[in-house]
Amino acid sequence: MNKKEMLSHIDHTLLKPFAAWEDIQKLCEEAIEYQTASVCIPPAYIKRIHDQYGDKINICTVVGFPLGYAVTEAKVAEVKQALKDGVNEVDMVINITDVKNGDYDKVEQEIRTLKKEVGDKVLKVIIETCFLTEDEKIAMCKAVTDAGADYIKTSTGFGTGGATIEDIRLFKQNIGKNVKIKAAGGIKTIDDLQAFLDEGCDRIGTSSAVSLLKGKEAGDY
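Residues numbered from 1 in each chain as written. Predicted model: local features only at pLDDT ≥ 70, side-chain atom pairs only at ≥ 80, totals over all residues. Heavy atoms only, no water.

**Q** An account of the overall build of the protein is requested, with residue identities and associated values reported.
**A** Secondary structure assignment for the protein yields 10 helices and eight strands. Projecting the C-alpha coordinates of the protein onto the three principal axes gives extents of approximately 45 × 35 × 30 Å. By residue count, 52% of the 221 residues in the protein fall in the buried class. Within the protein, contacts between residues separated by at least 24 positions form 69% of all contacts whose residues are at least 6 apart in sequence. Counting only carbon and sulfur atoms, one obtains 48% of the accessible surface of the protein, whose full area is about 10,100 Å². Within the protein, one finds 29 positive and 36 negative side-chain charges whose respective centroids are separated by 3 Å. (Helix = DSSP H or I, 4+ residues; strand = E, 2+ residues; numbered from the N terminus. Buried < 20%, exposed > 50% of the residue type's maximum accessible area, 1.4 Å probe, protein only. Contact = heavy atoms within 4.5 Å. Areas by Shrake-Rupley, 256 points an atom, 1.4 Å probe, with all protein chains shown as cover. Lys, Arg positive; Asp, Glu negative; His and termini not counted. Charge placed at Lys NZ, Arg CZ, Asp CG, Glu CD.)

**Q** Would you mind going over the confidence of the model for the protein in detail, with residue names and values included?
**A** In low-pLDDT segments, the atomic positions of the prediction should not be examined closely. Of the residues in the protein, 96% have a pLDDT of 70 or more, and the chain-wide mean is 94. Contacts of residues 216-221 to residues separated by more than four positions or lying in other chains number 26 contacts, the stretch itself having pLDDT below 50. (pLDDT = per-residue confidence, 0-100.)

**Q** I'd like to hear about the sheet that holds strand S2 (residues 38-41), residue by residue, with values.
**A** In spatial order, the strands read S1-S2-S3-S4-S5-S6-S7-S8; together these eight strands close into a barrel with parallel pairing. Between one strand axis and the next, the sheet turns through 25° on average, direction left out of account. Along the sheet face, helix H2 (residues 21-34) touches strand S1 (10-13) and S2 and points at about 160° away from the line of S2. (Pairing = 2+ DSSP bridges. Axes fitted to C-alpha atoms, helices over the stretch in contact; angles between N-to-C directions.)

**Q** Can you break down the pairing of strand S4 (residues 89-93) residue by residue, with the values?
**A** In terms of residue burial, S4 counts as a mostly covered element, since five of its five residues are buried. Side chains of S4 alternate between two faces, with Glu89, Asp91 and Val93 and Val90 and Met92 buried alike. Inspection of the sheet shows strand S3 (residues 59-63) paired to S4 by four bridges, in the parallel sense. Bridge pairing in S4 places Val62 opposite Asp91. In this fold, the crossover linking S3 to S4 by way of helix H4 (residues 72-85) has right-handed handedness. (Right-handed = clockwise from strand over helix to strand, strands pointing away.)

**Q** Could you give an account of the packing of H2 against helix H3 (residues 46-53), naming the residues involved and the relevant values?
**A** For the pair H2 and H3, interaxial distance at closest approach is 11 Å and the crossing angle is 50°. As the angle between them shows, H2 and H3 are arranged oblique. Crossing angle aside, the handedness with which H2 passes H3 is right-handed. For the pair H2 and H3, contact is made by Trp21, Ile24, Gln25, Cys28, Glu29 and Ile32 and by Arg48, Ile49, Gln52 and Tyr53, respectively. Looking at side-chain class alone, the contact of H2 with H3 contains six nonpolar, two polar and two charged residues. (Parallel < 35°, antiparallel > 145°, perpendicular 65-115°, else oblique. Left-handed = near helix turned anticlockwise from the far one by under 90°. Nonpolar A, V, L, I, M, F, W, Y, C, P; charged D, E, K, R; others polar.)

**Q** Describe the environment of Asp202, with residues and values.
**A** In this fold, Asp202 is placed in the loop between helix H9 (190-198) and strand S8 (203-206). Sequence spacing of Asp202 and Thr129 is 73 residues, and the spatial spacing of their C-alpha atoms is 18 Å. Beyond its immediate sequence surroundings of up to four residues, Asp202 is in contact with His9, Tyr151, Lys180 and Ile181.

**Q** Break down the packing of aromatic side chains for me, with residues and values.
**A** All chains considered together, the criterion is met by two aromatic pairs. Each ring, one from Trp21 and one from Tyr45, has its centre 5.8 Å from the other, and the planes form 25°; the classification is stacked. Placement of Trp21 in helix H2 and of Tyr45 in the loop between S2 and H3 is noted, with a sequence separation of 24 residues between them. Just as Trp21 is buried, Tyr45 falls in that class too. (Phe/Tyr/Trp six-rings, centres within 6.5 Å; stacked < 30°, edge-to-face > 60°.)

This is the structure we're talking about:
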């Protein structure tokens, strides 16, 4: 896979809380120039990006981010506003406290509720693997599949760890055939990117698409 093909799988990401508009503009212009899969940006910037760039760019945002423990109704409200502002893809964070309490059905129902709101747009489900046991990860693969989400995603990039090849392999063994995989966090070199794509990831979340294209070491997620 060449670098251009790799970049077509990247959600070009900037989710730092101090991201200024000029930083977001730079991200968007890079995404257009290098034809990344999307830009993944804070909800507050969706409308401004949509108004400036229109159909030139695929806009992704986050919901319940980064901790996930907002109530479902709050996440639904976030989704509704994001769709109104012009988003095409939503990366939601599960309620990890529900997972820890063993309430997997509640997690599945929340995912199903948000997928109903998203409709024919893309819903990616962040399960934050660094906080879960193997059994919990397997349970979340089932929940994501049964709820009808489009992707399972490893990490927010704000936890104690990011994507691992071992988790991608675990996902592949336990998700349904209609669920794709997104890896995020800690992917810092071309070799990293190639390894995750080779392992079966359809998307990679990183802030470093241009650095990767140039063959430099990427910065932090």
